[in-house]
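Observations on the three-dimensional arrangement
For reference, the chains in residue letters:
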Amino acid sequence: GAGVSQTPSNKVTEKGKYVELRCDPISGHTALYWYRQSLGQGPEFLIYFQGTGAADDSGLPNDRFFAVRPEGSVSTLKIQRTERGDSAVYLCASSFTGTGVGEQYFGPGTRLTVT
Amino acid sequence: EDQVTQSPEALRLQEGESSSLNCSYTVSGLRGLFWYRQDPGKGPEFLFTLYSAGEEKEKERLKATLTKKESFLHITAPKPEDSATYLCAVRTNRDDKIIFGKGTRLHILP
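Read on for a plain summary of the structure. All residue numbers here refer to positions counted from 1 along the written sequence of the relevant chain. Chains carry letters from A onward and ligands carry numbers from 1 onward, assigned in written order. Restriction of local features to residues with pLDDT of at least 70 applies here, the model being predicted, together with a cutoff of 80 or more for giving and counting side-chain atom pairs; totals for whole chains, interfaces and linings are based on all residues. No hydrogens and no water enter the side-chain calculation; it runs on all heavy atoms of the structure.

Here we look at the interface of chain A and chain B
Note the cut-off: Here a residue-residue contact requires only that any non-hydrogen atoms of the pair lie within 4.5 Å. Throughout, the accessible surface (probe 1.4 Å) given up by two parts as they are put together, summed over both, is called the buried area. We count a salt bridge whenever a side-chain nitrogen from Lys or Arg sits within 4 Å of a carboxyl oxygen from Asp or Glu. The definition of a polar contact used here is a pair of N or O atoms within 3.5 Å, where within protein one atom must be able to donate a hydrogen and the other to accept one, and adjacent residues in sequence count solely through side-chain atom pairs. In the scheme used here, Gly and all other residues not listed as nonpolar or charged are polar, with Ala, Val, Leu, Ile, Met, Phe, Trp, Tyr, Cys and Pro taken as nonpolar and Asp, Glu, Lys and Arg as charged.
With 23 residues of chain A at the interface, the matching set in chain B holds 21 residues. With both sides pooled, the region where chain A packs onto chain B buries about 1700 Å², and carbon together with sulfur makes up 56% of that total. Here chain A is connected to chain B by 0 salt bridges. Linking chain A to chain B there are 3 residue pairs in polar contact (both at pLDDT 80 or more). The residue makeup of the side of chain A that touches chain B, split by class, is 10 nonpolar, 11 polar and 2 charged.

In structure tokens form, the structure reads like this:
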């Protein structure tokens, strides 16, 4: 498929564990975004990559959250010492350019549940 | 502080009953305003981008309009398949964040 893909679709983990969430953007899209969405809320911005570098990581809630995009394509969102409050759907989106306004294409999300 | 407020939170309409969804925004400088549709269990699906006051865009039964303070998503003669959550988002001149509203849950009754 040509869309944004995210794996896993669901992740259940115990409090205190480490998790990695993966995003495969649309081929050729240079901009990649991570969002977090809680029930009944709109997506909350976490971090934005332009190519390999994090252009804006001001939405990451604390230093337990980290994201990488080493080759400018696939990105991994990493969460250390997970807490129950981290439970949410984590969405990834990509766009052709981040320097303009650019319409974003979202993946289906990873539902993270911390028990 | 940059803010996006959508109203109503939820809206139930009969099939064929036209209505409008509102998105009010307070931002330091608007670079673009987006409308998305989100179905349960899925990621948001892009609908429109609006850049400046007075701009309008249409797609099937949907038309989006923009003023200096708000945007409207007009839905004409809706069908049950138009039922979804509609999200509004803005991008400002200040940084690269995109700020979403909480959405309007639209339910079209057959």
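Quick word on the pairing of strand E11 (residues 110-114) of chain A
Residues and elements named next belong to chain A. How we decide: The buried label applies to any residue whose accessible area, calculated with a 1.4 Å probe on protein chains only, is under 20% of its type's maximum; exposed applies above 50%, and partly exposed to all values in between. Strands are runs of DSSP state E lasting at least two residues, helices are runs of H or I lasting at least four, and both sets are numbered from the N terminus onward. When DSSP finds at least two bridges between two strands, those strands are taken to pair.
Judged by which residues are buried, E11 turns out to be one-sided: Thr 110, Leu 112 and Val 114 face inward and are buried, whereas Arg 111 and Thr 113, on the alternate face, are not. In terms of strand pairing, strand E2 (residues 10-13) meets E11 through 4 bridges, oriented parallel. Note that in E11 the partner of Lys 11 across the bridge is Leu 112. Relative to E11, strand E9 (residues 88-95) runs antiparallel, the two being bridged by 3 bridges. Paired with Val 89 across the strands is Arg 111, a residue of E11.

Looking at the side chain of Thr 65 of chain B
All names here are of chain B. By the element assignment, Thr 65 lies in strand E7 (residues 62-66). We classify Thr 65 as buried; its relative accessible area is 12%. Polar contacts involving the side chain of Thr 65 include one to the side chain of His 74, which spans 3.4 Å. Those residues in contact with Thr 65 that lie beyond four places of it in its chain are Leu 50, Glu 55, Glu 56, Glu 70, Ser 71, Phe 72 and His 74.

Details of the packing of aromatic side chains
To keep things clear, this is the line we draw: Each Phe, Tyr or Trp ring, with Trp reduced to its six-membered ring, pairs with another whose centre is within 6.5 Å; inter-plane angles below 30 degrees give stacked pairs, above 60 give edge-to-face pairs, and intermediate values give tilted ones. To sit over a ring, a charge needs its Lys NZ or Arg CZ within 6 Å of the ring centre and within 35 degrees of the ring normal.
Taken as a whole, this structure holds 10 aromatic pairs over all chains when the rule is applied. Plain terms: the ring middles of Tyr 35 of chain A and Phe 45 of chain A are 6.3 Å apart, the flat faces sit at 80° to each other, and that makes the pair edge-to-face. Within this pair, whereas Tyr 35 of chain A is found in strand E4 (residues 31-37), its partner Phe 45 of chain A is found in strand E5 (residues 44-50), the two being separated by 10 residues in sequence. Exposure class is identical for Tyr 35 of chain A and Phe 45 of chain A. Each is buried. When the ring of Tyr 35 of chain A is compared with that of Phe 100 of chain B, the centres are 5.5 Å apart and the planes differ by 90°; the resulting orientation is edge-to-face. Here Phe 100 of chain B lies in strand E10 (residues 98-100) and Tyr 35 of chain A lies in strand E4, a pairing that spans two chains. Across the pair, exposure class does not vary: Tyr 35 of chain A and Phe 100 of chain B are buried alike. One aromatic cluster in this structure is built from Tyr 33, Tyr 35, Phe 45, Tyr 48 and Phe 106 of chain A together with Phe 34, Tyr 36, Phe 46 and Phe 100 of chain B. One residue, Arg 91 of chain B, lies across the ring of Tyr 48 of chain A, its end atom 5.6 Å from the ring centre.

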